[in-house]
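What follows is the residue order along each chain.
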Amino acid sequence: VQLQASGGGLAQAGGSLRLSCVVSGGTFSTYSMAWFRQGPRKEREFVSAIGWSGGRTDYEDSVKGRFTISRNNAKNTVYLQMDGLKPEDTATYYCAGRELMDIGGTSYAGSYRYWGQGTQVTVSS
């Protein structure tokens, strides 16, 4: 299974970016998917997750109301729409996927078995 993230770049504070993650080589429609991020000199942290059907979503408190996760199972793609960007959102963003049988909380990085390479998001003030 391969995950290819894209869509990162440079944005001004208050601006928007849309990240995409295309999954190949597996059964995407059965995976729960998530986005994590790692800023400079920080631990990797949970951003958002979405269930296999898209019916359930979860967000880290600091991004609630600004970020929206979605998926298109026909395109094997998960998205992260980021609006109202802040300088503290600057980080490398990683998409991750897990199988139905994987256990652990959806915000726990260790519960995801598939990871993308990361895409850099930089927000200027």
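A quick note: this is a predicted structure, and the numbers were derived from the prediction, not measured. (Residues numbered from 1 in each chain as written. Predicted model: local features only at pLDDT ≥ 70, side-chain atom pairs only at ≥ 80, totals over all residues. Heavy atoms only, no water.)

Novice: What is the right way to look at the environment of N72 in this model?
Specialist: As for its position among the elements, N72 is in strand 7 (residues 67-72). Here N72 falls in the partly exposed class, since its relative accessible area comes to 25%. For the pair N72 and G54, spaced 18 residues apart in the sequence, the C-alpha separation amounts to 8.5 Å. With near-sequence residues (within four places) excluded, N72 lies in contact with F28, T77 and Y79. Looking at N72, its side chain comes within polar contact range of the main-chain nitrogen of A74, at 3.0 Å. (Helix = DSSP H or I, 4+ residues; strand = E, 2+ residues; numbered from the N terminus. Buried < 20%, exposed > 50% of the residue type's maximum accessible area, 1.4 Å probe, protein only. Contact = heavy atoms within 4.5 Å. Polar contact = N/O pair within 3.5 Å; in protein donor to acceptor, adjacent residues only side chain to side chain.)

Novice: Explain the sheet that holds strand 7 here, please?
Specialist: Where strands meet in a sheet, backbone hydrogen bonds hold them as pairs that are either parallel or antiparallel. With antiparallel pairing, four strands are arranged side by side in an open sheet as 1-3-8-7. Edge positions in the open sheet fall to strand 1 (2-6) and strand 7, since each of these has one partner strand only. Each neighbouring strand pair of the sheet contributes to a mean axis angle of 15°, computed without reference to strand direction. (Pairing = 2+ DSSP bridges. Axes fitted to C-alpha atoms, helices over the stretch in contact; angles between N-to-C directions.)

Novice: Can you help me understand the state of the cysteines in this one?
Specialist: Any covalent bond linking the sulfur atoms of two cysteines counts as a disulfide. One pass over the full model with this rule turns up one disulfide. Note that C21 is cross-linked by a disulfide to C95, the S-S spacing being 2.1 Å. On the sign convention where negative is left-handed, the bridge of C21 and C95, at about 60° about the S-S bond, is right-handed. Taken together, the residues span a long stretch of sequence, with C21 in strand 3 (residues 17-24) and C95 in strand 9 (residues 91-98) at a distance of 74 residues. The same class applies to C21 as to C95, namely buried. (Disulfide = S-S within 2.5 Å.)

Novice: What exactly am I supposed to notice about the pairing of strand 7 here?
Specialist: Here is the key point about a regular strand: its side chains alternate between the two faces of the sheet. Here strand 7 shows a buried face lined by F67, I69 and R71 and an unburied face lined by T68, S70 and N72. Note: strand 7 against strand 8 (residues 77-82), six bridges, orientation antiparallel. Along strand 8, the bridge assignment pairs S70 with Y79. Hairpin connection of strand 7 to strand 8: four residues between the antiparallel strands, including N76 at a positive phi of 55°.

Novice: Mind showing me how you'd approach the pairing of strand 4 (residues 32-38) here?
Specialist: Counting buried residues along strand 4, six of its seven residues qualify, which places the element largely inside the surrounding structure. With seven bridges joining them, strand 4 and strand 9 adopt antiparallel strand pairing. Following the sheet pairing, R37 is matched in strand 9 by Y93. In the sheet, strand 4 pairs with strand 5 (residues 45-50) via five bridges, with the strands oriented antiparallel. Residue A34 lies in a different strand from strand 5, and its bridge partner there is A49.

All we've got here are geometric facts, nothing functional implied.
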